[in-house]
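As a plain string of letters, each chain reads:
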Amino acid sequence: MTNITPFLEKAEKYHGHICSGQVLGIRMALMALHLLGLKPEHDLRDLVIFLETDRCVADAAYVVTGVTLGRRRVKVYGYGKTAMSFLDLKSGRAVRVCVTTSDRPPHHAPKQEQIAFWEKYTDDDIFSWQEVHIDLPEGEQPGPPVRVCSCAACGEDVLDCKEIVQNGRAYCRACAHGAYYRPLEVRHD
């Protein structure tokens, strides 16, 4: 197992504390990189990470890889699973790593207890992994927007093939299917 201490220090600064998610996420990311023949110190601009949760492991993946959402190299799926996949665009290879134990120390246990709890497990004890194939559609690729159009209803820009076409007109997903938000007052243009 790789020494995770330097990553724990960085994770504590970035995430604010050390918890099981940080320890597991660091180890998962290191395992995936190893399986892909990559290292954290490599230029990982061709790496795309698919998170199956929006919890602590997400921050740990960033700490190890430097891969960010804003560069379109992190995709979040709300599956509620402690799992993530890593796609190396250069080689086309991808691996998915997931936690296979529900054993956890108390969430608010001190940092050293969190670390000691997980040190007693090998990666094989707590993770499973498999090579996977991931199709990354044109509108999901890192880089500049593939296409920009305006929503026929609200006029806002819709990037990267995310528009919904109905009756020959392009709409944003919020106007086409309903938004996660509800305006409380009249719009100010």
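Everything quoted here is computed from the prediction, not taken from an experiment.

## A short note on the packing of helix α1 (residues 5-15) against helix α3 (residues 56-65)
In the contact formed by α1 and α3, the axes pass within 9 Å of each other and the chain directions differ by 125 degrees. Put simply, α1 runs oblique to α3. With respect to the hand of their crossing, α1 and α3 are arranged in right-handed fashion. Residue-level inspection shows F7, K10, A11, Y14 and H15 of α1 in contact with α3, the latter providing C56, D59, Y62, V63 and V64.

## Describing α3
For α3, the tally of buried residues reaches eight of 10 residues, placing the bulk of the element in the interior. The inward-facing, buried residues of α3 abut α1, α2 (20-35), β1 (47-51) and β3 (83-88). Just past α3, the residue G66 takes up positive phi, approximately 75 degrees.

## Thoughts on the packing of aromatic side chains
Inspection of every chain in the model, using the stated rule, returns seven aromatic pairs. With centroids separated by 5.5 Å and ring planes inclined at 40 degrees, the aromatic side chains of W118 and Y121 adopt a geometry described as tilted. Looking at W118, the relative accessible area reads 0%, which means it is buried. When the ring of Y180 is compared with that of Y181, the centres are 5.0 Å apart and the planes differ by 80 degrees; the resulting orientation is edge-to-face. A relative accessible area of 42% places Y181 in the partly exposed class.

## Brief notes about the nonpolar core
Inside soluble globular proteins, nonpolar side chains tend to come together where they are buried. Ranked by size, the top nonpolar core spans 40 residues in total, and within it I26, L47, I49, M84, F86 and F127 carry the most contacts. Elements that contribute at least two residues to this core include exactly α1, α2, β1, α3, β3, β4 (94-99) and α4 (111-119). If you tally residues by element for this core, the top one is α2, at 10 residues. Of all hydrophobic cores here, the second largest spans eight residues; its members include C149, C151, V158 and Y171.

## Quick word on the pairing of β1
Taken across its five residues, β1 has five buried, putting it largely inside the fold. What you see with β1 is no split at all: L47, I49 and L51 on one side and V48 and F50 on the other are buried throughout. For β1 and β3, the ladder comprises five bridges, and the chain directions are antiparallel. Looking across to β3, one finds that L47 is bridged to D88. Crossover handedness for the path β1 to α3 to strand β2 (residues 74-76): right-handed.

Reading guide: rules and limits
Residues numbered from 1 in each chain as written. Predicted model: local features only at pLDDT ≥ 70, side-chain atom pairs only at ≥ 80, totals over all residues. Heavy atoms only, no water. Axes fitted to C-alpha atoms, helices over the stretch in contact; angles between N-to-C directions. Helix = DSSP H or I, 4+ residues; strand = E, 2+ residues; numbered from the N terminus. Parallel < 35°, antiparallel > 145°, perpendicular 65-115°, else oblique. Left-handed = near helix turned anticlockwise from the far one by under 90°. Contact = heavy atoms within 4.5 Å. Buried < 20%, exposed > 50% of the residue type's maximum accessible area, 1.4 Å probe, protein only. Phe/Tyr/Trp six-rings, centres within 6.5 Å; stacked < 30°, edge-to-face > 60°. Core = buried A, V, L, I, M, F, W, Y, C linked by side-chain atoms within 4.5 Å. Pairing = 2+ DSSP bridges. Right-handed = clockwise from strand over helix to strand, strands pointing away.

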